[in-house]
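One letter stands for each residue in the lines below.
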Amino acid sequence: MKMFQWLVTLLMLAALAACGGGGGSAGTQMVGAETGTGAGTGTGSVASAAMTLQLVDATGAALASPSLSQTEARNLKVTLKNAVGTVQAFKRVAVTLDSPFAVLTPQSGTQLTDAAGVAVFAIAPASVTSSGAVTATAKASVDGAEVSKTLDLQITAGNVALSGLAVTPASVQLGQSVNVSVNASVNGQPAASNSVTVAITSTCGTVSPASAQVDGNGKASAVIQTTVSGSCSVAATTAGVASPATASYTVTTAPVTGIQFVQVSPSVIYQQDSVGANSSIVKFKVIDSNGNPVSGQTVNAALINPTGGVHFCDAAAVAGSAVSAAPSGEVSFSVCSGTQPETVQVRATLAGASGIFTDSNILTVQTGLPTQRFFDIAADRLNLYCGGYFTSKVNNDFTNITVNLADRQGNPVPNGTPLALVTEGGQINSSNVSSCLIDGGACTVKLLCQDYRPLGSLNLNGSPLGDPRPGRVTVLAMADGEESFIDANNNNRYDPGELFEDLGAPFMDKNEDGLLTLAYKNRITNTDEGEVSYPIAAEAKGSLACPANSNVWLSQPGTCNGVWNGSGTKPDGSRYTPTKVRRSIVIVFSGGEIGLPGQYDASIPLASRTAVLFSSRNSIVARLADLDGNPLPADATLGVTVRKPDTSNCTAKLLDSVIGNSTEPTVHEAILEKCSGGETIEFTVVVTSASASKTSMFTVTVP
C-alpha cells in the first residue's frame, strides 16, 4: 500500500511540473503530505516578466508629476526584467506616442536596454505652443512573451517672450548689411535650441533667414541686406507673442562712383538711304560705390569722332543729356545714322563730375546697299528636264535660283532689301511673286518649267544672230545699289578720283551676244522677238561706252556716265545717286533624250550636236546633247555597255555616272580594255521626272 501511495505522489509532481506559465518560470511547487486516505494535493503560482515606465528628469530621478516641461529635460525610463527578476540587457524596447504634441529622441522610438536592463528616451513638447495630454506606450518581448506599459503625460504651453532686439551697426550705406539678433525665453528661461522660430522683417532690405530658429543660448539671428535708404525699422515676432519686438537703424545713400555701359542695340545700323535700321539705342547705368543703380542723376553724352553725319536722333547733334531712371538707374540715347558709313562710340559723363565717364562699344554704320562686285547668282540645276523646241516637253519641274548680296565690305545687306527678277521664259515664283526680299544676305526663287520656251535668234535679214539654240532661258536679277570702287584711302566711302567700275542701264541679253538687240526674229518660227533694257535713275545713266571689265554684257552699250553712282554725300554737300546692281544666269530647258547625228535641224550648230570626239581601242570620247543642241538634264544617269562578238573580251567603264550641271553639251569618256575592234559601245542616258521617264542611247563602233 505504501508503495502505491509513493507512485501516486510521483505522478502528481510530474503533472504539476507540466503546468508552468508559458513565458515565465514555473510557479513554486509544493508537495502534499500523506493523509489517512493516502491521497495528496499540491498547489502552485505562475510569475510574469516585469516592465516599469517612469518619467524622470535629466539626473534620472523619478518625477511625481507626469508633466512635460517646456524648459527642462525630461526622459522616459523603461526598466525590463524577466519573471524571476533578472534584468533583461540588450533587449529591444519600442515607445510610441498617441499624439503629435510631443516628440521622442531617438525619433524612431526604439533602442536596446543597457546592461542594467534600462532604456531611456528623451521626450519633449513638439513646440512651445503644444498643449494637451499624450499617452506613451512602451513594449518589449521577454522570453517570447510581449510586455507593455503605458504612461499618461500632460503638456502645458509655454509662455514665450522676446527681448533684447539689437541691430548692428546702427547706420550703414545703401547696399551694405546689418546684423539682427533677439533673445527668446520660455517660462522665463532661455528657449532651448531650435524650440522657437522667430520671424524677422525690415522696411529697408531683405532679411536672411526670414524665419530664424534660436540657438543653444535662446538667441535668433539674421542679416539684413539693405536695398532702400532712409530711417529703417526691424521687427521680430513669434507664435504666442502678441506684440513684436522692434528696433531702428539708418541707411544712408552710397556715393555715385561710376557709369556702366549696358548695351547698344542694334550694334550695326545703315545709312539714311538704306533699307535697314537707321538708328540704335545706347544704354548706360549710373551706379553707386556698391554697384547698385542710382536714379535721378543727369548724364551728358557725346559722340566720339563722328565723321559721316551720325547724330543723336532727338537733338540732331553730336551731344545730348538725359536723367537716369528709377529703379534701374539706366539712361538711354538714340543715335541716328548719317549719309556715310563709319564707326562711332558714345561717351557718357556724369553731370558735374567730369572724371566719372565711360565709353560705349563701337556702333557701326554700314552702307546697307549691295555693291556690284558682291552680287552673286547661282542655281542648283543649270540644266533641267523641261524641253525646248525640238525635244519632248514637261511642265512644273523647277530649279532654285539663289541670289546673295553684300555691301562693299562684304557684309550682308539688311534683311528686307528688295530684289527684282525677270525671266526670258518659264515662270519665276517665290511665294507667288516674282521678286523676293533678302533674308540673311540671300534669297531664293523657283524657276518653273512652262511656256514660254525661247526659240533661238536670227537677224531680221536672215543672218545669224547670237546663240541660235532654242530652250535657253536668261534670268536677270536687279537691286538698288552702288558701283564697286577702289577705296584708296580706306575710309569706307567713295572719294572723287578713286577708281570705280562704271555701270550703264541693265538689259536682258536673250540671245547671249552681249548687245542690246531691240528687234530680231525667232530662228525656228520666224516670229518677232526683241531685247529690252530696264530703267535706272537719270543721274546714273549716260551716253559713254561701258568699260570692258567683270561687268561686261551686264550694261546696255553706250549708257555709262563716267561718274560714280552709289550712296553718301558729295564734297559739295549734294547726294550721290544709286544705280541698279545686277547679275544674269542662263538656265537650260533640256530635252529628255539624246539627239542622234542625222536628226538635227540645220539651225543647230555642229559644235553643239551629239558626236564622237575621239575613238580608239582604248577609249571612246563622246559629246552628248539633246535635239536642241543643249545638255541633257543635270540629274540624268549615265551608263555604258558593250555589244560584242562571242570571241571578244572587251569591257568599258565611265569616269562619271550623271550628266552634271552645265549650260553646254557634256563630254564623256568610256575607258576600254581588251577590245579588238568591231565592238559596239552603247552610251545610255536615263532621264526621270515626276511625269515621265525616258531612256535613250548613242552607239559607237570600236575602230
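Residues numbered from 1 in each chain as written. Predicted model: local features only at pLDDT ≥ 70, side-chain atom pairs only at ≥ 80, totals over all residues. Heavy atoms only, no water.

Caption draft 1: Region of the structure containing the overall build of the protein. Along the protein, the regular secondary structure elements total 1 helix and 48 strands. Dimensions of the protein, computed from C-alpha atoms along their principal axes, come out at roughly 165 × 95 × 40 Å. Looking at the 703 residues of the protein, the share that counts as buried comes to 44%. Counting contacts in the protein only where the partners sit at least 6 residues apart, residues at least 24 apart contribute 64% of the total. Accessible surface for the protein amounts to roughly 32,400 Å². Of this, 52% is attributable to carbon and sulfur atoms. Within the protein, the 51 negative side-chain charges are centred at a point lying 7 Å from the centre of the 38 positive side-chain charges. (Helix = DSSP H or I, 4+ residues; strand = E, 2+ residues; numbered from the N terminus. Buried < 20%, exposed > 50% of the residue type's maximum accessible area, 1.4 Å probe, protein only. Contact = heavy atoms within 4.5 Å. Areas by Shrake-Rupley, 256 points an atom, 1.4 Å probe, with all protein chains shown as cover. Lys, Arg positive; Asp, Glu negative; His and termini not counted. Charge placed at Lys NZ, Arg CZ, Asp CG, Glu CD.)

Caption draft 2: Molecular detail of the sheet that holds strand 9 (residues 145–155). Pairing is mixed across the open sheet formed by 5 strands, whose spatial order is 2-9-8-4-6. Each of the sheet's edge strands pairs with one partner strand only, and the pair in question is strand 2 (67–68) and strand 6 (110–112). Here strand 8 (residues 132–142) runs beside strand 9; their pairing, made up of 11 bridges, is antiparallel. Across the sheet, lysine 139 pairs through a bridge with serine 148, a residue of strand 9. (Pairing = 2+ DSSP bridges.)

Caption draft 3: Structural detail: the layout of surface pockets. Approximately 360 Å³ is the volume attributed to the largest pocket. Lining the largest pocket are 21 residues, with Val103, Ala124, Pro125, Ala192 and Ser195 sitting closest to its centre. Only strand 5 (102–105) and strand 7 (118–125) provide two or more residues apiece to the lining of the largest pocket. Considering each element in turn, the lining of the largest pocket owes the most residues, 4 residues, to strand 7. In terms of residue class, the lining of the largest pocket is built from 10 nonpolar, 9 polar and 2 charged. Volume-wise, the second largest pocket comes out at about 180 Å³. Around the second largest pocket sit 16 residues that line it, and Pro418, Met478, Ala479, Asp480 and Lys580 are the ones nearest its centre. Split by residue class, the lining of the second largest pocket holds 10 nonpolar, 3 polar and 3 charged. (1 Å grid on protein atoms, 1.4 Å probe; cavity = no way out; pocket = protein on both sides within 12 Å on 5 of 7 lines; lining within 4 Å. Points joined across faces, edges and corners; volume = space filled by probe spheres on them. Nonpolar A, V, L, I, M, F, W, Y, C, P; charged D, E, K, R; others polar.)

Caption draft 4: Examining the state of the cysteines more closely. Summed over all chains, the structure comprises 6 disulfides. Disulfide pairing places cysteine 386 opposite cysteine 449 at an S-S distance of 1.7 Å. The sign of the S-S torsion, about -40°, decides the handedness of the disulfide formed by cysteine 386 and cysteine 449: left-handed. Note that cysteine 386 is positioned in the loop between strand 31 (383–385) and strand 32 (398–405) and cysteine 449 in the loop between strand 36 (442–448) and strand 37 (457–458), a separation of 63 residues in sequence. For cysteine 386, a relative accessible area of 0% corresponds to the buried category. Residue classification places cysteine 449 among the buried positions, given a relative accessible area of 0%. The residue that forms a disulfide with cysteine 546 is cysteine 560, at a sulfur-sulfur distance of 2.1 Å. (Disulfide = S-S within 2.5 Å.)

Caption draft 5: Spotlight on the packing of aromatic side chains. Tallied over the full model, the rule gives 10 aromatic pairs. On the basis of an interplanar angle of 65° and a centroid distance of 6.3 Å, the ring pair of phenylalanine 284 and phenylalanine 333 is categorised as edge-to-face. Of the two residues, phenylalanine 284 is situated in strand 22 (residues 279–288) and phenylalanine 333 in strand 26 (residues 330–336); the sequence distance between them amounts to 49 residues. Across this residue pair, the class does not change: phenylalanine 284 and phenylalanine 333 are buried. Ring centres of tyrosine 494 and tryptophan 564 lie 4.7 Å apart, and the angle between their planes is 15°; on these two criteria the pair is classed as stacked. Here tyrosine 494, found in the loop between strand 38 (472–481) and strand 39 (520–522), pairs with tryptophan 564, found in the loop between strand 40 (528–529) and strand 41 (579–590); they are 70 residues apart in sequence, far enough to count as distant. Taken as a pair, tyrosine 494 and tryptophan 564 share a single burial class, namely buried. An aromatic cluster of three or more residues is present, and its members are Phe485, Tyr494, Phe500, Trp564 and Tyr576. (Phe/Tyr/Trp six-rings, centres within 6.5 Å; stacked < 30°, edge-to-face > 60°.)

Caption draft 6: Looking closely at a nonpolar patch on the surface. Taken together, the side chains of Leu613, Phe614 and Val667 present a nonpolar region at the surface, about 280 Å² in accessible area. As for its placement among the helices and strands, leucine 613 is situated in strand 42 (residues 611–615). The exposure class assigned to leucine 613 is partly exposed, which follows from its relative accessible area of 43%. (Patch = residues over 30% accessible without salt bridge, like charges linked within 9 Å, V, L, I, M, F, W, Y side chains within 5 Å. Salt bridge = Lys/Arg side-chain N within 4 Å of Asp/Glu carboxyl O.)

Caption draft 7: Layout of the environment of proline 106. Position of proline 106 relative to the elements: it lies in the loop between strand 5 and strand 6. A relative accessible area of 27% places proline 106 in the partly exposed class. Proline 106 sits 14 residues away from valine 120 along the chain, and the two C-alpha atoms are 9.7 Å apart. Here proline 106 is in contact with Gln111 and Phe121, once residues within four sequence places are set aside.

Caption draft 8: Highlighting the side chain of asparagine 75. One can find asparagine 75 in strand 3 (residues 74–81). In this structure asparagine 75 comes out as buried when scored by relative accessible area, which is 15%. Setting aside chain neighbours within four positions, we find asparagine 75 in contact with Gln54, Leu55, Val56, Asp57, Ala58, Val120, Phe121, Ala122 and Ile123.

Caption draft 9: Highlighting the nonpolar core. Of all hydrophobic cores here, the largest spans 31 residues; its most connected members are Leu162, Leu165, Val196, Val198, Ile200, Val234 and Tyr249. Of all the secondary structure elements, the ones that give two or more residues to this core are strand 10 (160–168), strand 12 (177–186), strand 14 (197–202), strand 17 (219–226), strand 18 (230–237) and strand 19 (245–252). A total of 5 residues in this core trace back to one element, the largest contributor, which is strand 12. Setting aside chain neighbours within four positions, we find leucine 165 in contact with Val180, Ser181, Val182, Val234, Ala236, Ala245, Thr246 and Ala247. Grouped together as the second largest cluster of nonpolar side chains are 26 residues, Leu419, Ile428, Cys436 and Val475 included. (Core = buried A, V, L, I, M, F, W, Y, C linked by side-chain atoms within 4.5 Å.)

Caption draft 10: Region of interest: the pairing of strand 29 (residues 363–366). In terms of strand pairing, strand 21 (residues 268–270) meets strand 29 through 3 bridges, oriented parallel. Directly across from isoleucine 269, in strand 29, lies its bridge partner valine 365. Sheet topology note: the strand 27 (residues 342–350)/strand 29 ladder contains 3 bridges and is antiparallel. Its bridge partner being in strand 29, glutamate 342 is matched across the sheet by valine 365.

By themselves, these observations are geometric and do not establish any function.
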